[in-house]
Amino acid sequence: MKELSSLITDKTKLIILNSPQNPTGGVMDRKDVEAVAKAIGDRDIMILSDEIYSRLLFEGSHFSIAAIEEMRDRTIILDGFSKTYAMTGWRMGYGVMRPDLAQHISRLMTNSNSCTASFTQIAGVEALRGPQASVEQMNAEFKKRRDYFAERINKIKGFSCKVPHGAFYMFPNIQKTGWKSKPLADALLDQAGVAVLSGTAFGAFGEGYLRFSIANSMENLKKALDRVEEWANKNL
Ligand SMILES: Cc1ncc(COP(=O)(O)O)c(C=O)c1O
């Protein structure tokens, strides 16, 4: 938090928060979020809070910075249907913000993508208003996959992985493999048939990490881990 405070200047216009986070699965708890609010203080800074994984949380509860009274009018919450309701291909999301800001976003959206198809919007309303049991079921399933994946990947030579608290990604450290992230991601794809993202796809700080998605069946995760393990035993 000290680092964040030191980076906020009079030129700062907007701070982006993303919790639970892609790619690390890291989660900011209430204390963290309150510390960000404190660091911002009464400066005229907007917050873009990407909360698309807020219901994919394995421990604790989600706390939005918009829940802090002084922050509410300065926060734009972004959310969508592709994670909570597995509606990735439907291309629909939403924002929660002050009405005067919404006017500008509406103009931008109308002129950039015209409109989200009306039947897609109706499906979104059904998703939000309908039974939520599937969300809980998927959450429990992702937690099982996370635990399985973490246990297995931490036994693979050169890989070490923290257990994420939210979202559906695993972000192991691969520095001990002696490989850089991008060549390792390419080798795993070409030689082991396992698709992962290089941490550097998210910026220079991602060097030394790979991102695995666990949005796949347990059976396929097992197959992928078997292949990565076999590849590591052969090549490291
Ligand atoms: C943090 C975060 N925000 C937003 C999105 C956008 O999702 P979509 O374009 O499917 O609505 C993603 C997708 O991966 C994401 O990881």
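Residues numbered from 1 in each chain as written. Predicted model: local features only at pLDDT ≥ 70, side-chain atom pairs only at ≥ 80, totals over all residues. Heavy atoms only, no water.

A closer look at the sheet that holds strand 1 (residues 14-18)
Working definition: the strands of a sheet are paired by backbone hydrogen bonds and lie parallel or antiparallel to each other.
Here is step 1 of the chain: The strand order across the open sheet built from 4 strands is 1-2-3-4, with neighbouring strands paired in mixed fashion. Either end of the sheet is taken by a strand with one partner, and the two such strands are strand 1 and strand 4 (93-96). Going across the sheet, the axis of each strand differs from the next one's by a mean of 20 degrees, ignoring polarity.
Here is step 2 of the chain: Summarising the sheet, strand 2 (residues 46-50) and strand 3 (residues 75-80) pair through 4 bridges and their orientation is parallel. By the bridge assignment, Leu 48 is partnered in strand 3 with Ile 76. (Pairing = 2+ DSSP bridges. Helix = DSSP H or I, 4+ residues; strand = E, 2+ residues; numbered from the N terminus. Axes fitted to C-alpha atoms, helices over the stretch in contact; angles between N-to-C directions.)

A closer look at the site of the ligand
Here is step 1 of the chain: The full set of residues close to the ligand is Asn 18, Asn 22, Asp 50, Ile 52, Tyr 53, Ser 82, Lys 83, Arg 91 and Tyr 169.
Here is step 2 of the chain: The contact in question runs from an oxygen atom of the ligand to an N or O atom on the side chain of Lys 83, over 2.7 Å.
Here is step 3 of the chain: Between Arg 91 and the ligand, the recorded distance is 2.7 Å, taken from a side-chain N or O atom to an oxygen atom.
Here is step 4 of the chain: Protein coverage of the free-state accessible area of the ligand, which is 400 Å², stands at 69%. (Near = heavy atom within 4 Å. Polar contact = N/O pair within 3.5 Å; in protein donor to acceptor, adjacent residues only side chain to side chain. Areas by Shrake-Rupley, 256 points an atom, 1.4 Å probe, with all protein chains shown as cover.)

A short note on the pairing of strand 2
Here is step 1 of the chain: Bridge analysis of strand 1 against strand 2 gives 5 bridges, and the strand direction is parallel. Pairing of Leu 17 across the sheet is with Ser 49, part of strand 2.
Here is step 2 of the chain: Handedness of the crossover joining strand 1 and strand 2 through helix 2 (residues 30-40) is recorded here as right-handed. (Right-handed = clockwise from strand over helix to strand, strands pointing away.)

Let's talk about the sheet that holds strand 6 (residues 197-198)
Here is step 1 of the chain: Pairing in this open sheet of 3 strands is antiparallel, and the strands run 5-7-6 from one edge to the other. The sheet is open, and its two borders are formed by strand 5 (169-170) and strand 6, each paired with just one other strand.
Here is step 2 of the chain: Where strand 5 meets strand 7 (residues 210-213), 2 bridges bridge the pair, whose relative direction is antiparallel. Looking at the pairing, Tyr 169 lines up with Ser 213 of strand 7.

Brief notes about helix 5 (residues 118-129)
Here is step 1 of the chain: End to end, helix 5 covers 17 Å across 12 residues, agreeing with the expected 16 Å (1.5 Å per residue, within 8%).
Here is step 2 of the chain: Among the residues of helix 5, those classed as buried are Thr 120, Ala 123, Gly 124 and Ala 127. For helix 5, the angular spread of the buried residues around the axis is 105 degrees, confining them to a single face. Set apart from the buried face of helix 5 by more than 90 degrees, the exposed residues are Ser 118, Phe 119, Ile 122, Glu 126 and Arg 129. (Expected span 1.5 Å × (residues − 1). Buried < 20%, exposed > 50% of the residue type's maximum accessible area, 1.4 Å probe, protein only. Arc of directions from axis to C-beta.)

Topic: unusual backbone geometry
Here is step 1 of the chain: Cis peptide bonds are those with omega within 30 degrees of zero, and the linkage from Ser 19 to Pro 20 qualifies with -10 degrees.
Here is step 2 of the chain: Within the secondary structure layout, Pro 20 lies in the loop between strand 1 and helix 2.
Here is step 3 of the chain: For the bond running from Asn 22 to Pro 23, omega is 20 degrees, close enough to zero to count as cis.
Here is step 4 of the chain: Counting through the fold element by element, Pro 23 comes out in the loop between strand 1 and helix 2.
Here is step 5 of the chain: Even without glycine at this site, Arg 91 takes up a positive phi of about 55 degrees.
Here is step 6 of the chain: Following the sequence through the fold, Arg 91 ends up in the loop between strand 3 and strand 4.
Here is step 7 of the chain: A relative accessible area of 62% means that Arg 91 is categorised as exposed.
Here is step 8 of the chain: Of note in the backbone geometry, Ser 114 takes a positive phi value of approximately 60 degrees without being a glycine.
Here is step 9 of the chain: By secondary structure assignment, the location of Ser 114 is in the loop between helix 4 (99-113) and helix 5.

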